[in-house]
Protein chains: 2
Amino acid sequence: MSDHISKQYDSELEAVRNKVLQMGGLVEQQISKAVEALDTGDLALVNAVVSGDAHVNRLEVEIDEACTQMIARRQPAAGDLRVIHTIMRMITDLERIGDEAVKISRMAQAISEANRAHLPRVELKHLENTAIGMLRRALDAYARLDVQGATAVVREDEAVDVEYASIVRQLITHMMEDPRTISRAIELLFVSKALERIGDHSKNMCEYVIYMVKGRDVRHLAIEEFEQSVQRD
Amino acid sequence: MSDHISKQYDSELEAVRNKVLQMGGLVEQQISKAVEALDTGDLALVNAVVSGDAHVNRLEVEIDEACTQMIARRQPAAGDLRVIHTIMRMITDLERIGDEAVKISRMAQAISEANRAHLPRVELKHLENTAIGMLRRALDAYARLDVQGATAVVREDEAVDVEYASIVRQLITHMMEDPRTISRAIELLFVSKALERIGDHSKNMCEYVIYMVKGRDVRHLAIEEFEQSVQRD
């Protein structure tokens, strides 16, 4: 590329990068609101999440189009292409995290409108905080091209899976001990599942960040191979 | 592109297209085996699905690399770029359908090893057949560039969601009537969820096919706008 074209390319890429972070911030807010709706039963928050999802979707389509145009017009070399493909993948996962926020807020609505007397007492706070924290750290790792940070998020996903399995067991125990809790327990099960999925998507994003920085595809590796692969250089 | 380069590009693209269909066929087999494992409790099938997943993952990485190399080397114009990006997106969904097959087979294993006396009688056959049928028709629509066929699959996803919600309600009823069914019911709930996700991924793939053929992004449209958009020309 000539210097002039290369500068144009850099500023286009910078604009897209900023938009990804904007989309990430928005999705983070969507989850926080959904989780707050669950705690408080505030239906205004439920509506805010549902209507906010259109904005998330719009950003995905806009960023996607900007990426396709950059590739078609600038014909980037392999390294730059990797950066753009990483962005295209990240926004797919971000959009799906947005969908999980909508699912959580729908469950918050169902729970809010039902008899809360039979709501099983299960502590979701830790899983909520971990899922939101993973998303935030995935976005930070992307912003800073931080392979160490991205690797930490990938490892954290194992802890989320363990926590999720524990909550499922607790919910089953509640249901068995008091069948009146069954309907609410199933709703909380879906909330937990959504939080676990947010962990999965955050992990996916971090794998893309590592691929972008290292040029090495680390998806589908066991965690030990993965860490060896990342530490290798 | 010169004629010579264009012919090379065509044959590379054809090879990748065939590999996508091969991957699709493999994923279809994975689900069929997982569902059969659920019906029969055959643990050999469970093992076959778990070990088959590595093959699915390998195909995803290979196709992805082939796509990136084609873009970097051939610098395709906007239309061809759209075709390659469609493939890259489709294989992400195919790989995740493969993951759902593994989840179903794990549940088949849990159910097979547990006391089947308290297995709630819920008919999953229809949901199973619809999910597998959607995947098959999504792959057909891709192979034939069939926008009508792809649209039909997108519409079918609504029926899957209704069927899934009905199964969840039936499972809740079983649990309430006989709490001894709770553990098995939760496992069947996860199986149903996995089948519903297979429908979602098949729908995603069809939206990409429509985008590829029509050059119009139909994700995030309501079904009516969607059909209008597809019929518009």
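Keep in mind the model is a prediction, meaning the values are calculated, not measured.

Considerations on the relation of the copies chain B and chain A
Thought 1: When chain B is fitted to chain A, the best match, at an RMSD of 0.0 Å, comes from turning it 180° and sliding it 0.0 Å along the axis. Given the turn and translation reported, the copies of this chain are related as if by a two-fold rotation axis. Identified as the residue of chain B closest to the rotation axis by C-alpha distance is Q75(B), at 2.9 Å.
Thought 2: When the interface residues of chain B are mapped onto chain A, 100% of them are again interface residues, pointing to one common binding face.

Here's the deal with the packing of aromatic side chains
Thought 1: Counted according to the given criterion, the structure contains zero aromatic pairs over all chains.
Thought 2: Over the ring of Y208(A) we find R89(A); its NZ or CZ atom is 5.9 Å from the centre of that ring.
Thought 3: Sitting above the plane of the Y142(B) ring, R17(B) keeps its charged end 5.4 Å from the centroid.

What about the interface of chain B and chain A?
Where interface size is quoted, it is often the accessible area lost as the parts come together.
Thought 1: Facing 37 residues of chain B, the contacting portion of chain A comprises 37 residues.
Thought 2: For the pairing of chain B and chain A, the buried interface totals around 3,300 Å² over both sides, and the portion due to carbon and sulfur atoms is 57%.
Thought 3: Between the two partners, chain B and chain A, sit four salt bridges.
Thought 4: The residue D93(B) makes a salt bridge to R96(A) at a minimum N-O spacing of 3.6 Å.
Thought 5: Those elements giving two or more residues to the side of chain B that touches chain A turn out to be α2 (43–74), α3 (78–113), α5 (147–177) and α6 (182–214) of chain B.
Thought 6: If you tally residues by element for the side of chain B that touches chain A, the top one is α6(B), at 11 residues.

Observations regarding the confidence of the model for chain A
Thought 1: Overall, the predicted model of chain A reaches an average pLDDT of 92, with 96% of residues at or above 70.
Thought 2: Mean pLDDT across the secondary structure elements of chain A bottoms out at helix α7 (residues 223–231) of chain A, with 72, and peaks at helix α4 (residues 125–144) of chain A, with 97.

Some remarks on the nonpolar core
Thought 1: Counting residues in hydrophobic clusters, the biggest one holds 152 residues, and the most contacted among them are M175(A), I186(A), M175(B) and I186(B).
Thought 2: Not counting residues within four places of it along the chain, the set of residues in contact with M175(A) comprises T181(A), I182(A), A185(A), I186(A), M175(B), I182(B) and I186(B).

Reading the values: the criteria
Residues numbered from 1 in each chain as written. Chains lettered and ligands numbered in written order. Predicted model: local features only at pLDDT ≥ 70, side-chain atom pairs only at ≥ 80, totals over all residues. Heavy atoms only, no water. Least-squares fit on C-alpha atoms with pLDDT ≥ 70 in both. Contact = heavy atoms within 4.5 Å. Phe/Tyr/Trp six-rings, centres within 6.5 Å; stacked < 30°, edge-to-face > 60°. Lys NZ or Arg CZ within 6 Å of the ring centre and 35° of its normal. Buried area = accessible area lost by both parts, 1.4 Å probe. Salt bridge = Lys/Arg side-chain N within 4 Å of Asp/Glu carboxyl O. Helix = DSSP H or I, 4+ residues; strand = E, 2+ residues; numbered from the N terminus. pLDDT = per-residue confidence, 0-100. Core = buried A, V, L, I, M, F, W, Y, C linked by side-chain atoms within 4.5 Å. Buried < 20%, exposed > 50% of the residue type's maximum accessible area, 1.4 Å probe, protein only.

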